[in-house]
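Here's the letter readout for the chains.
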Amino acid sequence: MSKHILAVRFSAMGDVAMTVPVIKALLNQNPGLTITFVSRPEFVDFFKGIPRLTYFSADLNVEYKGFAGIIKLFRVLNKAAKYDALADLHDNLRTKLLRKLFRLSGLTYAYIDKGRVDKKLLTRFPDKMLKPLRLTTERYADVFEKIGIRVKLDHQLVKNPQQLTDEILALTGEKTKPWIGIAPFAKHKGKIYPLERTEEVIKLLNNKDLNLFLFGGSLLEEEICLQWQQKYNTVTSLVRRITMEQELALISNLDVMMSMDSAGMHLASLEGIPVVSVWGATHHYAGFLGYGQSESNIVADDIECRPCSIYGNKPCFRKDYACLYNIQPETIVNSLSKFIS
């Protein structure tokens with residue numbers, strides 16, 4: 001029996017990236033299923049080449065901005081196709097309004113259970129309940145189960161290196177030695193390994209026969225990475241130099257990625273690349289470990305106040321970010337080295 005599901009997840013980059021393996025598994029295991037996925041224009045490359053999927057780019061900053069914009073989005077989507085159900089993978093104010101509008105038109109829906117109560121207990125101090133919570137990818141799968149579509153996730157990395165274009169090779173050169181990606185940035189300070197320590201990691205790796213590629217997004221991140229590129233001969237900064245499609249292609253050719261608990265980890269997971277992930281104020285028990293990634297590749301300190309935050313956005317009550325400063329650069333290098341030896 002054929003079904004057409006409308007799925008919605010607006011942000012953030014890592015969270016949208018985590019929906020991809022779930023969507024792929026859904027479509028592989030349910031041949032009669034088609035999906036229209038609604039998200040921001042900048043994430044379209046995550047979904048390229050997925051059969052029976054239509055990506056709807058919703059610019060929430062311009063065309064579909066604010067309350068009136070969501071009403072307009074509902075009208076456009078409702079006119080574009082007939083759906084059997086709505087899967088809200090976000091459950092924020094925008095998607096709540098969107099699903100209420102669809103409910104008025106008679107469409108059934110389900111939405112994600114983010115486990116907010118358990119996450120509060122996980123980050124409570126003292127007397128935190130330090131136990132693994134349900135993976136976010138499994139929470140996404142639960143939404144589809146609620147609307148009658150079963151899916152089983154295998155949580156396996158699938159590597160499929162893409163052929164690099166001449167434009168990318170002009171930056172990287174041909175691959176003749178191990179390639180390591182480094183994504184040292186995150187939205188919040190509580191997730192970022194101190195940049196002077198990251199430079200120590202780069203300095204140690206610079207003594208090895210390999211190439212290092214730096215990933216980021218902002219103008220400040222571009223400036224920092226260019227400084228490292230000028231200081232270390234193995235380093236190439238890719239910040240603001242390639243498109244998202246090119247970035248994913250390059251990532252697919254890495255041997256390993258070093259990333260914070262941030263989008264870099266999830267982009268590497270999309271391409272089947274193992275990640276040495278560095279965790280500070282946050283904890284993988286909250287369910288945000290990259291799809292298919294191994295807990296054995298996590299680098300973190302076990303200080304008793306950690307995690308103090310789900311997203312790394314709370315100021316450190318100790319004022320010293322010991323959870324990050326307690327991690328030695330040599331520990332990270334040792335974890336990376338097992339993928340290139």
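Parameters at a glance
Residues numbered from 1 in each chain as written. Predicted model: local features only at pLDDT ≥ 70, side-chain atom pairs only at ≥ 80, totals over all residues. Heavy atoms only, no water. Pairing = 2+ DSSP bridges. Helix = DSSP H or I, 4+ residues; strand = E, 2+ residues; numbered from the N terminus. Axes fitted to C-alpha atoms, helices over the stretch in contact; angles between N-to-C directions. Contact = heavy atoms within 4.5 Å. Buried < 20%, exposed > 50% of the residue type's maximum accessible area, 1.4 Å probe, protein only. Right-handed = clockwise from strand over helix to strand, strands pointing away.

**Quick notes on the sheet that holds strand β10 (residues 275–279)**
Taking strand neighbours across the sheet as the criterion, the 6 strands line up as β8-β7-β6-β9-β10-β11 in an open arrangement whose pairing is parallel. The open sheet is flanked by β8 (235–237) and β11 (298–300), the only strands paired with a single partner. Each adjacent strand pair in this sheet contributes to an overall mean axis angle of 20°, direction not counted. Here 4 bridges tie strand β6 (residues 179–183) to strand β9 (residues 256–260), and the two strands are oriented parallel to one another. Along β9, the bridge assignment pairs Gly 181 with Met 257. Against the sheet, helix α7 (residues 195–205) contacts β6, β7 (211–214), β8 and β9, and its axis sits at roughly 170° relative to β6.

**A word on the environment of Thr 198**
Position of Thr 198 among the secondary structure elements: in helix α7. Taking the C-alpha atoms as reference, Thr 198 lies 9.8 Å from Gln 328; in sequence the two are 130 residues apart. If near-sequence neighbours (up to four positions away) are discounted, Thr 198 is found in contact with Ile 182, Pro 184, Tyr 193, Trp 228 and Met 258.

**Examining the pairing of strand β4 (residues 85–88)**
Going residue by residue along β4, you find Ala 85 and Ala 87 tucked away on one face and Leu 86 and Asp 88 tucked away on the opposite face as well. For strand β1 (residues 3–8) and β4, the ladder comprises 4 bridges, and the chain directions are parallel. Note that in β4 the partner of Leu 6 across the bridge is Leu 86. Of the pairings in the sheet, the one linking β4 to strand β5 (residues 109–111) comprises 3 bridges and is parallel in character. Across the sheet, Ala 87 pairs through a bridge with Ala 110, a residue of β5. One crossover worth recording links β4 to the parallel β5 by way of helix α3 (residues 93–104), and it is right-handed.

**A closer look at the environment of Arg 40**
You can see Arg 40 is positioned in the loop between β2 (33–39) and β3 (53–57). Taking the C-alpha atoms as reference, Arg 40 lies 8.5 Å from Arg 9; in sequence the two are 31 residues apart. Sequence-distant contacts of Arg 40, that is, excluding residues within four places in its chain, are made with Phe 10, Ser 11, Tyr 55, Ala 58, Leu 60, Asn 61 and Arg 94.

**Regarding the side chain of Thr 172**
Checked against the element boundaries, Thr 172 lands in helix α6 (residues 166–172). Taking the relative accessible area as the measure of exposure, Thr 172 reaches 10% and is therefore buried. Each residue touching Thr 172, except ones within four places of it in the same chain, is listed here: Leu 164, Trp 179, Phe 213 and Leu 250.

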